[in-house]
Amino acid sequence: MSNINKTTSEHSEKINVKFIERDVQTNEVIVTLNSVYRNKPITQKISRENINSKGLKELSKFGFPFLTKESISDFIEYFIENEQNFPVIDVYKALGWHTIENKEVFLHKYAIINGETKKLKHIGLTDISLKGTLNEFTDFFNCTLKDSIGLQTVCAVSLASAIVGRIKNKDLRFIFHIEGTSTSGKTTSLMLAGSLWGNPQIAPNSVVKNWNITGNKLVQSAGGNNGILIGLDELAMSNADNTQLTYLLTGGNDKQRMTNDNTANSSFNTVFMSTGEIQFKSSNFGGIAVRLFEVKNHNFTKNKIHAEDISNFITTHYGTVGFEFAKALTRISQHKMTEKLDEFSKKVQKRIKNHAKEQGKTISPLFSRMADKIAAVALAANIAKNKLGIDFDISSIVDFLICRTTLLEIGQEQSVEAADKFLEEYAKNKSNFPDTNTKSSNIWGKSIIKNGELSEIVVLYNQFVKIMGQIGFPDTASLIKAMKEKSFIKCEQDKNYSRRTVGNIKRAKVIVLDISTIKGGAENED
């Protein structure tokens with residue numbers, strides 16, 4: 001205790017240093033102080049570096065008796081003399097996989113190393129409390145969830161976040177979006193998925209939040225999460241650009257995924273699950289499509305009673321499944337996990353191709369990128385089945401992710417939609433595409449007219465990239481590959497571009513759009 005002279009009748013004479021918290025990742029030290037103001041106990045936290053005249057004077061606003069230079073200097077002297085004797089608690093704010101003192105650790109309600117829990121305290125904002133037992137969940141799974149492959153899938157996707165968070169040398173991050181009506185059970189499914197890791201009741205400090213949050217705030221709130229699902233309900237609440245959001249959340253630009261402090265707690269690597277009565281993406285072009293599983297018009301729950309049974313259960317049972325799953329993962333080496341992921345990925349690729357052929361779809365090269373993500377879900381289900389006794393139907397979950405999502409549309413309609421939107425821009429800016437080799441400086445390309453009709457549009461490569469980016473197709477490399485597969489563009493052999501004379505530029509690098517093929521493709525798509 002520090003004895004402070006009473007300056008007013010409202011202040012206590014004593015200040016108690018309750019304990020000191022040391023962040024094991026950032027080494028930041030936070031001191032918790034107790035006192036009494038107007039006969040009521042008060043508590044405030046202050047950074048160790050702010051235990052000085054200026055920092056302590058700020059606490060006087062909350063009722064602490066730091067009103068004179070003497071009271072401040074007395075406390076500082078007392079604190080320095082006794083600092084080594086105050087109780088110290090090691091704490092952390094981050095979640096998921098991190099390295100602490102050169103050891104790989106999974107941070108949840110408690111820290112987990114090699115399957116054992118360590119006495120560290122989570123002080124982050126997300127409520128990852130533990131309620132209920134694993135046996136109670138497995139019984140509930142068998143009675144209430146097992147008959148629904150959709151519900152099995154959301155549970156497996158939720159657990160896959162810990163696989164995604166650990167294996168950072170592969171592009172595994174994704175968004176799982178459920179589009180449907182209010183009676184489809186989409187929000188119940190989202191809360192069920194969130195309940196595996198923590199409190200699923202929709203709130204700012206829950207595993208599941210509302211979409212009414214800005215993109216930057218969402219990125220900041222996700223900071224430090226490397227392996228615990230983040231749920232977001234009702235997409236219509238968001239005013240953010242979905243294309244930009246997809247890249248931000250799934251790592252399209254790592255620099256954008258860092259908050260201003262640029263600390264270890266600012267980056268993230270996990271899975272996002274979303275719901276809404278609207279679709280998440282506006283197109284299936286590669287850059288977005290390979291980062292997103294979108295389920296449309298699927299009834300996850302049988303009826304109102306089924307949904308209520310799930311809601312009632314997850315009110316009192318949450319956090320434990322994810323915690324036990326993380327313990328199981330920490331007993332498996334990262335190398336072994338990556339090997340198993342690769343094994344699953346090869347099997348998934350074959351399944352995707354078989355389903356694509358059955359449905360008459362083009363085999364897109366982008367399918368292989370989705371295979372790794374599905375493999376992460378399958379691997380999570382496999383480990384949970386073998387280590388936790390949760391009876392997942394892995395084969396059906398894989399088929400659900402392939403056939404009940406928009407996966408097989410990747411590389412299909414994107415070319416038609418992109419070409420259609422480009423033709424709209426061409427019509428608006430036709431003067432920039434003359435049908436003769438004019439020397440004008442404001443040339444974007446040229447129009448090729450045959451038999452009185454537009455046959456080809458030749459676009460300077462960089463201008464094509466610029467235009468497509470402006471109309472919502474930033475991943476132009478993937479788009480060009482897809483358009484080439486549909487023969488919408490003419491390319492030199494083994495190239496994704498052509499060479500033509502445009503204006504006064506000879507052998508300019510260009511994109512050549514074949515208008516007759518594009519129109520035929522659009523008719524076939526309809």
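Residues numbered from 1 in each chain as written. Predicted model: local features only at pLDDT ≥ 70, side-chain atom pairs only at ≥ 80, totals over all residues. Heavy atoms only, no water.

Colleague: I'd like to hear about the overall build of the protein, residue by residue, with values.
Modeller: A tally of helices and strands in the protein yields 17 helices and 21 strands. Oriented by its inertia axes, the alpha-carbon framework of the protein measures out at about 100 × 60 × 45 Å. Looking at the protein residue by residue over its 526 residues, the buried ones come to 54%. For the protein, the exposed surface amounts to about 24,200 Å²; the carbon and sulfur share of it is 45%. Between the averaged position of the 68 positive side-chain charges in the protein and that of its 57 negative side-chain charges there is a distance of 4 Å. (Helix = DSSP H or I, 4+ residues; strand = E, 2+ residues; numbered from the N terminus. Buried < 20%, exposed > 50% of the residue type's maximum accessible area, 1.4 Å probe, protein only. Areas by Shrake-Rupley, 256 points an atom, 1.4 Å probe, with all protein chains shown as cover. Lys, Arg positive; Asp, Glu negative; His and termini not counted. Charge placed at Lys NZ, Arg CZ, Asp CG, Glu CD.)

Colleague: Any details on the pattern of salt bridges? Residues and values, ideally.
Modeller: For the structure on display, the rule yields 19 salt bridges. One salt bridge in this structure joins Glu83 and Arg48, with 2.8 Å as the shortest N-O distance. In this pair, Glu83 sits in the loop between α2 (69–82) and β5 (88–92) while Arg48 sits in the loop between β4 (40–47) and α1 (53–59), placing the two residues 35 residues apart along the sequence. In this structure, the salt-bridge partner of Lys490 is Asp514, at a minimum N-O distance of 3.8 Å. Note that Lys490 is positioned in strand β19 (residues 489–490) and Asp514 in strand β21 (residues 505–514), a separation of 24 residues in sequence. Overall, the relative accessible area of 34% leaves Lys490 in the partly exposed class. Linked through salt bridges whose partners overlap, the residues forming this network are Glu456, Lys490, Arg500 and Asp514. (Salt bridge = Lys/Arg side-chain N within 4 Å of Asp/Glu carboxyl O.)

Colleague: So what's going on with the confidence of the model for the protein? Residues and values would help.
Modeller: Here the protein averages 88 in pLDDT, while 91% of its residues score no lower than 70. Contacts from residues 1–12, a stretch scored under 50 in pLDDT, to residues over four places away or in other chains number 36 contacts. Predicted confidence is poor over residues 522–526, with pLDDT under 50, and the contacts of this stretch with residues over four places away or in other chains come to five contacts. (pLDDT = per-residue confidence, 0-100. Contact = heavy atoms within 4.5 Å.)

Colleague: Describe empty space enclosed by the protein, naming the residues involved and giving the relevant values.
Modeller: Using the criterion set out here, one finds two cavities of 30 Å³ or more in the structure. Estimates place the volume of the largest cavity at around 80 Å³. As for the largest cavity, its lining consists of 14 residues, and the residues nearest its centre are Phe137, Phe313, His317, Tyr318 and Val321. Those elements giving two or more residues to the lining of the largest cavity turn out to be α3 (134–145), α9 (304–316) and α10 (320–330). Classifying every residue of the lining of the largest cavity by side-chain character gives seven nonpolar, six polar and one charged. (1 Å grid on protein atoms, 1.4 Å probe; cavity = no way out; pocket = protein on both sides within 12 Å on 5 of 7 lines; lining within 4 Å. Points joined across faces, edges and corners; volume = space filled by probe spheres on them. Nonpolar A, V, L, I, M, F, W, Y, C, P; charged D, E, K, R; others polar.)

Colleague: Could you give me a rundown of the sheet that holds strand β14 (residues 230–233), with the residues and numbers involved?
Modeller: In a beta sheet, neighbouring strands pair by backbone hydrogen bonds and run either parallel or antiparallel. Spatially, the five strands line up as an open sheet ordered β12-β14-β15-β11-β16, and their pairing is parallel. What marks the edges here is a single partner per strand, and that holds for β12 (208–210) and β16 (292–296). Along the sheet, successive strands turn relative to each other by an average axial angle of 20 degrees, direction set aside. Examined bridge by bridge, β14 and strand β15 (residues 272–276) share three bridges and lie parallel to one another. (Pairing = 2+ DSSP bridges. Axes fitted to C-alpha atoms, helices over the stretch in contact; angles between N-to-C directions.)

Colleague: Run through the pairing of strand β2 (residues 14–23), naming residues and quoting values.
Modeller: The sheet contact formed by β2 and strand β3 (residues 29–37) spans six bridges and is antiparallel. Paired with Val17 across the strands is Leu33, a residue of β3. In this structure, the hairpin formed by β2 and β3 is closed by a connection of five residues, where Asn27 is found at a positive phi of approximately 65 degrees.

Colleague: Pulling in residues and values, what's your account of unusual backbone geometry?
Modeller: Notably, Asn102 is not glycine yet its phi reads approximately 65 degrees, a positive angle. When you line up the elements, Asn102 lands in the loop between β6 (95–100) and β7 (103–107). Phi is positive for Asp494, close to 65 degrees, though the residue is something other than glycine. Along the polypeptide, Asp494 turns up in the loop between β19 and β20 (498–502).

Colleague: For the environment of Leu245, give the residues involved together with the corresponding values.
Modeller: Among the structural elements, Leu245 can be located in helix α7 (residues 242–250). As a C-alpha pair, Leu245 and Val157 span 88 residues in sequence and 20 Å in three-dimensional space. In contact with Leu245, other than residues within four places in its own chain, are Trp211, Gly215, Leu218, Ser238 and Ala240.

Colleague: Tell me about the sheet that holds β7, residues and numbers included.
Modeller: Pairing within the open sheet is mixed, and its five strands lie in the order β9-β8-β7-β6-β13. Each having just a single partner strand, β9 (116–118) and β13 (225–226) make up the two edges of the open sheet. Sheet topology note: the strand β8 (residues 111–113)/β9 ladder contains three bridges and is antiparallel. Paired with Ile113 across the two strands is Glu116, which belongs to β9. Those strands touched by α10 are β6, β7, β8 and β9, and its axis lies near 30 degrees from that of β8.

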